[in-house]
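Understanding the architecture of this molecule
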Amino acid sequence: MRFKILLDVQKVPQAYRMYLLSFIKEMLKKGDEDLYNQLYDGKKKPKPFTFSFYMNNFNLLEETAEYEMKNATLIFSTSDVRVGVAFFNGLSITQKYDHPEYPLKIISKQIAHEKPITSNVVTFNILNGLLVEDKMKKTLLISNPSFEQEFNIITNKQFQALYGRPLYEPLKICGHCLKKQVIKETNRHANGKTLFYTAQKGVIKLQGHPEDLKLLYLDGAGLRRAQGYGTLEAIQLG
């Protein structure tokens, strides 16, 4: 399930992912509190969703580390029908999000078109940033010879946790046009400090089992998908 939400918001923090995640968590909790408690039970585990954020006519205010904009669009994607229904139900009973610094209003919401993934080769546009690290937490770029192997290791672990199985077939990278993207972020574990993540944005062509590629399309790829990384848009099959 894929949703497109138009937001009336004029300012967000530069490190906006945790702000948006708080909004998403509130919608899930409103829509299905039991499900929310299952997803956020204090245990560190992958979540079956991803999201990306598009700002319309934005400008970075460096002195305050904020983005100002005309409005924005949030893309939320999940393979889990229960998660999708909870999120949409939460949106349906919400008109505004009363954040103390960055309030927003929901202008419109719609179920977005999903492309059917039937091919074993799909070209994806990465809507935010693809984050891949090795077991030492060192960022890997596409130019690293270990990138494909570590990407498969990460994906297999996520599939096992989320779907109870590994990949049907190893993923192969058939082509790419990616550029490095350094992202400023913070979270509740950072004690107010700014964190920096090195991700990659652009186009990547993957070969694998169609069911595996479909789940990557719906739930995202790489690390921290449910924190606003790795959201994919299928742009070409085959």
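Structural notes, computed from the coordinates.

**Description of the packing of helix 4 (residues 147-163) against helix 5 (residues 210-219)**
- At their nearest, the axes of helix 4 and helix 5 sit 12 Å apart, and the two run at 85° to each other. By the criterion of interaxial angle, the relationship of helix 4 to helix 5 is roughly perpendicular. The residues of helix 5 that touch helix 4, namely those facing Thr155, Phe159 and Tyr163, are Asp212, Leu215, Leu216 and Asp219.
- The class makeup of the residues in the contact of helix 4 with helix 5 is 4 nonpolar, 1 polar and 2 charged.

**Examining the sheet that holds strand 6 (residues 71-77)**
- If you trace the 5 strands from one edge of the open sheet to the other, you get 3-6-1-8-7, paired in antiparallel fashion. The sheet is open, and its two edges are formed by strand 3 (50-56) and strand 7 (96-97), each paired on a single side.
- In this structure, strand 7 lies alongside strand 8 (residues 104-111), joined through 2 bridges in antiparallel fashion. When the sheet's bridge partners are listed, Lys96 is paired in strand 8 with Lys105.
- Helix-sheet contacts for helix 1 (residues 17-31) involve strand 3, strand 6, strand 7 and strand 8, and the interaxial angle to strand 3 is about 120°.
- Strand contacts of helix 3 (residues 81-92): strand 1 (2-8), strand 6 and strand 8, with the helix running at about 25° to strand 1, the strand carrying the most contacts.

**Describing the pairing of strand 9 (residues 121-130)**
- Strand 9 sits mainly inside the fold: 8 of its 10 residues count as buried.
- Pairing of strand 9 with strand 11 (residues 195-207) involves 7 bridges; the strand directions are antiparallel. If you follow Asn125 over to strand 11, its bridge partner there is Val203.

**Here we look at the sheet that holds strand 5 (residues 66-68)**
- Reading across the sheet, the 3 strands line up as 2-5-4 and stay open at both edges, with antiparallel pairing between neighbours. On the outer flanks of this sheet lie strand 2 (11-13) and strand 4 (59-61), each paired with one strand and no other. Direction aside, neighbouring strands of the sheet carry axes that sit 30° apart on average.
- When strand 4 meets strand 5, the two strands line up antiparallel, connected through 3 bridges. Bridging from a neighbouring strand, Leu61 pairs with Glu66 of strand 5.

**So, the packing of helix 1 against helix 3**
- Direction vectors running N to C along helix 1 and helix 3 enclose 95°, while the axes themselves pass 7 Å from each other. As judged from the angle between their axes, helix 1 and helix 3 are roughly perpendicular. Between helix 1 and helix 3, the residues in contact are Phe23, Ile24, Met27, Leu28, Lys30 and Gly31 and Val83, Ala86, Phe87, Asn89, Gly90 and Leu91, respectively.
- Within the contact of helix 1 with helix 3, the residues separate by chemical class into 8 nonpolar, 3 polar and 1 charged.

**So, helix 3**
- With 12 residues, helix 3 ought to run about 16 Å at 1.5 Å a step, and its terminal C-alpha atoms sit 16 Å apart, in line with that.
- Inspection of helix 3 places Val83, Gly84, Ala86, Phe87, Gly90 and Leu91 among the buried residues, and these make up the whole buried set. Down the axis of helix 3, the sector holding all buried residues measures 165°, keeping them to one side.
- Contacts made by the buried residues of helix 3 are with strand 1, helix 1, helix 2 (33-39), strand 6 and strand 8.
- At the N-terminal boundary of helix 3, the capping side chain belongs to Asp80, with an oxygen 2.9 Å from the backbone nitrogen of Arg82.

Rules used throughout
- Residues numbered from 1 in each chain as written.
- Predicted model: local features only at pLDDT ≥ 70, side-chain atom pairs only at ≥ 80, totals over all residues.
- Heavy atoms only, no water.
- Axes fitted to C-alpha atoms, helices over the stretch in contact; angles between N-to-C directions.
- Helix = DSSP H or I, 4+ residues; strand = E, 2+ residues; numbered from the N terminus.
- Parallel < 35°, antiparallel > 145°, perpendicular 65-115°, else oblique.
- Contact = heavy atoms within 4.5 Å.
- Nonpolar A, V, L, I, M, F, W, Y, C, P; charged D, E, K, R; others polar.
- Pairing = 2+ DSSP bridges.
- Buried < 20%, exposed > 50% of the residue type's maximum accessible area, 1.4 Å probe, protein only.
- Expected span 1.5 Å × (residues − 1).
- Arc of directions from axis to C-beta.
- Polar contact = N/O pair within 3.5 Å; in protein donor to acceptor, adjacent residues only side chain to side chain.

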